[in-house]
Amino acid sequence: MVDMKSLFFRISLKRRIWISFVLITVICIAVTGLYSYDYASGVMERNAVQSSQNMLNKTAQVVDERLRHVVVAASTFMMGEAFQRAMRDVQENNASSYYDHLSALQTPFAQMKLNELSIDSVFIHTPIGDFYPTDKARRQGLAFGDTTIQEAVRLADEPWNTLWVGGHREEFFTRGDPVVSLVMKPLFDFYLQDVYIIVNLKEDTLMKLISENLENRQIEQLLYMRDGNPVLMSEAGASFMDDPQLRRRLAGANKGNFEYKQPHGTAYLVNYAELEMNKNWVLIGYQSKSDLLAPMLKIRWAILMIMGGCIVMAFIFASVLSEVLLRPLLKLRGLMLKAGRNRLDVRFESRYEDEVTQVGYKFNLMLEQIQSLIEEVKLSEQEKRKSEIKALQAQIDPHFLYNTLNTIYWKSELEEHDAVKEMIVSLALLFRLGLNNGKEITSVAQEIEHVSQYLKLQSECYADMFSYSIRVEDKRLCELPILKIILQPLVENSILHGFQDMNRKGRIEINVFESREDLVIEVSDNGCGMDVREVRKRMKGQGDGRESYALSNVQTRLQLYYGEKARMEMESVPNERTKVTLFIPMGREGS
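Q: Looking at this model, I keep getting lost on the overall build of the chain. Mind explaining?
A: Secondary structure assignment for the chain yields 17 helices and 16 strands. Looking at the chain as a whole, 45% of its 591 residues are labelled buried. By sequence separation, contacts in the chain at least 24 residues apart represent 65% of the contacts at least 6 residues apart. Within the structure as shown, the chain displays about 32,800 Å² of accessible surface, and the carbon and sulfur contribution to it stands at 54%.

Below, the structure written as structure tokens:
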């Protein structure tokens, strides 16, 4: 991941725009295509589920109607005179008229089958004997207690009057066709023990009812009990109902639909509706989801082909658009490369008015400013060198050297060897600190040491003319960088112009302290003073006076190195106090 990110950062802007454009286009196309496919599939699935549910509800109504007709037919049969006479004999346990009743019931049996064609056979079990249509061949040797019907009656929840028995082989007659049975208790004035009317329905008739309403042959419909057992014997789909999870989902609700996924992975859309005539029977419709969505494969391939075509077009348009959009930027890049080879006369031109053009115009302005700054820097460097040379020349002023060397000579004549040694050491230190290995920036501590050596030499040359003191408010200020040789010219002004015509002893005080963001250096004396306004006028006009020259030199060097934030303030009261204050931004070295 990190390598991919670093590779993305290393490639060209044109390539990044191309990649970004292609990615955005591909993502948009992919999202649109996939969403369209999913949306169409969802709509198709919902419509299919709704259509299947409607068809299933219709089939359930048809089956319910047929079962209701069977119940009505059986009830009509039981209200007939022949059935009622037979039941009175059953009540009295009179078996002597059995054959008469059997003959009398043949016509009602026939009418019942004519009224409801789905009825295969009718069988009446009583303690005095069984009654049935004589056109059916009765199976011999099978007791009623051994039949499926008796087992269903035994397992049925009491009380009941109508009991439906799922698909089984017809056991009372020899043909043994698959049937579904309706078991009813007789409609009679009194309760009759062990009397059951069994109406056998043709299973194929029910299957035909279920299948004839199917408009979509992809849908399978099954009639199942809620416990998972089929109602119709010949019904397919037994394996489909084997899953206990599916049976649990079908339990309880009367109708609905859901998506079911078999353990081996096949997904089905399942609809179900219970029968009104028997709440334990559920009509189930299911269809394979993959078969349902098979027509969507063509749509999916069409979408993929459209997406592929759009992606190819995106590649082509991305290359063309990136080239067109970046042409002004590439032109500007070429000009920048030329400017980087010191060709500052190049200029950007464009007919567009976009952001790149605005950057190009700013580039033109920058080149003009660079040319102007180069000229200013050249002039500034020249001024710096001139000021430094002047400062060094002022340091080795011939008058100062003459006085110093003359003093050393006479002290040596007077054999004041210690004083001579100190003056020589001070003079050497003065020059060494002033030269500062050719560097323009020194520290506050070294600048203080430099002016101390100068004051020590001058105090030896002009004995009893002045005294001095140097105070640094905070020792950490000694480490700050500062321009060299800015205190010695100020002290020199005090000695040469402040104390020369005085008849009292002079005093020089140097204070170094911090004020807000500035390093403040005060040089004050009690000399004869000066006309500040006149001195400033001379400084602006670069006057010839030694006093204004020294102050002008210091001010010029400060502004060249520190800019407008550095300043020099002067104040003077004649014969009382003269003070020159330097304000230097802390932590900013000159260039």
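Having put the structure on the table, let's press on.
Q: Can you walk me through the sheet that holds strand β6 (residues 220-225) in this structure?
A: Neighbouring strands of a sheet are bound in pairs by backbone hydrogen bonds; such pairs are parallel or else antiparallel. The four strands lie next to each other as β6-β9-β8-β7, forming an open sheet whose pairing is antiparallel. Sheet topology places β6 and β7 (255-261) at the edges, where each strand pairs with a single neighbour. Neighbour to neighbour, the strand axes of the sheet diverge by 25 degrees on average, direction disregarded. Sheet analysis places β6 next to strand β9 (residues 281-288), joined by six bridges and oriented antiparallel. Paired with L222 across the strands is I284, a residue of β9.

Q: Explanation requested: unusual backbone geometry in the structure shown.
A: Comment: phi is negative for the bulk of residues other than glycine, and the bulk of peptide bonds are trans. Its identity as a non-glycine residue notwithstanding, D194 has a phi of 60 degrees, on the positive side. Within the secondary structure layout, D194 lies in the loop between β4 (178-184) and β5 (196-202). You will see that N575, though not glycine, has its phi angle at about 65 degrees, which is positive. Judged by its relative accessible area of 49%, N575 is partly exposed.

Q: Would you explain the packing of helix α13 (residues 417-435) against helix α14 (residues 444-461) in this entry?
A: When two helices pack together, their arrangement is given by the angle between the helix axes and the distance between those axes. Direction vectors running N to C along α13 and α14 enclose 145 degrees, while the axes themselves pass 9 Å from each other. In the crossing of α13 with α14, the sense of the turn from one axis to the other is left-handed. Residue-level contacts link M423, S426, L427, L429, L430, L433 and G434 of α13 to Q446, E449, H450, Q453, Y454, K456, L457, E460 and C461 of α14.

Q: Where do I start with the environment of I486 in this structure?
A: Counting through the fold element by element, I486 comes out in the loop between β12 (481-483) and α15 (488-498). Along the sequence, I486 and R557 sit 71 residues apart, while their C-alpha atoms lie 8.5 Å from each other. Every residue in contact with I486, bar those within four places of it in the chain, is listed here: E447, V554, R557, L558, L582 and I584.

Q: How should I be thinking about the nonpolar core in this particular structure?
A: If you look at the biggest cluster of nonpolar residues, it comprises 60 residues, and the most contacted ones within it are M87, I124, V183, V199 and W281. In terms of residue count, helix α2 (residues 13-78) provides more of this core than any other element does, 10 residues in total. Core analysis: the second largest hydrophobic core is formed by 48 residues, L480, V535, L558 and V580 among them.

Q: Looking at this structure, I do not really get the pattern of salt bridges. What am I missing?
A: Close approach of charged atoms allows side chains with opposite charge to pair. Per the counting criterion, the structure on display carries 20 salt bridges. When the shortest N-O distance is used, the salt bridge between K579 and E571 registers 3.8 Å. When salt bridges with common partners are traced through the structure, they connect E81, R85 and R88 into a single cluster.

Q: Where do I start with helix α3 (residues 81-91) in this structure?
A: Owing to its 3.6 residues per turn, the α-helix aligns residues three or four sequence positions apart on the same side. For α3, every residue scored as buried is listed here: A82, F83, Q84, A86, M87, D89 and V90. The positive-phi residue at the C-terminal boundary of α3 is N93, with phi of around 55 degrees.

Q: Would you mind showing me how to read the confidence of the model for the chain here?
A: Any residue range with low pLDDT should be treated as having predicted coordinates unsuitable for detailed reading. Of the residues in the chain, 89% have a pLDDT of 70 or more, and the chain-wide mean is 81. Strand β14 (residues 518-525) holds the highest mean pLDDT among the elements of the chain, 93, whereas helix α1 (residues 2-10) holds the lowest, 62.

Q: Honestly, the pairing of β4 in this entry has me stumped. Any pointers?
A: Consecutive side chains along a regular strand alternate between the two faces of the sheet. Among the seven residues in β4, six count as buried, and that is most of the element. Sheet analysis places strand β3 (residues 162-169) next to β4, joined by six bridges and oriented antiparallel. Its bridge partner being in β4, R169 is matched across the sheet by P178. Relative to β5, β4 runs antiparallel, the two being bridged by six bridges. Pairing of L182 across the sheet is with V199, part of β5.

Q: Would you explain a nonpolar patch on the surface in this entry?
A: Where nonpolar side chains cluster on the molecular surface, the patch consists of F21, V312, M313, F315, I316, F317, V320, L321 and V324 and spans about 760 Å² of accessible area. If you tally residues by element for the nonpolar patch, the top one is helix α10 (residues 296-340), at eight residues. Mapped onto the fold, L321 is located in helix α10.

Q: Just checking my understanding: could you explain the sheet that holds strand β15 (residues 567-573) for this structure?
A: Pairing is mixed across the open sheet formed by five strands, whose spatial order is β11-β13-β14-β16-β15. A strand with exactly one partner marks an edge of an open sheet, and here the two such strands are β11 (466-472) and β15. Ignoring strand direction, the axes of neighbouring strands in this sheet form an average angle of 10 degrees. By the bridge criterion, eight bridges tie strand β13 (residues 506-515) to β14 in an arrangement that is antiparallel. Considered in β14, the bridge of E514 is made with L519.

Basis of the calculations
Residues numbered from 1 in each chain as written. Predicted model: local features only at pLDDT ≥ 70, side-chain atom pairs only at ≥ 80, totals over all residues. Heavy atoms only, no water. Helix = DSSP H or I, 4+ residues; strand = E, 2+ residues; numbered from the N terminus. Buried < 20%, exposed > 50% of the residue type's maximum accessible area, 1.4 Å probe, protein only. Contact = heavy atoms within 4.5 Å. Areas by Shrake-Rupley, 256 points an atom, 1.4 Å probe, with all protein chains shown as cover. Pairing = 2+ DSSP bridges. Axes fitted to C-alpha atoms, helices over the stretch in contact; angles between N-to-C directions. Left-handed = near helix turned anticlockwise from the far one by under 90°. Core = buried A, V, L, I, M, F, W, Y, C linked by side-chain atoms within 4.5 Å. Salt bridge = Lys/Arg side-chain N within 4 Å of Asp/Glu carboxyl O. pLDDT = per-residue confidence, 0-100. Patch = residues over 30% accessible without salt bridge, like charges linked within 9 Å, V, L, I, M, F, W, Y side chains within 5 Å.

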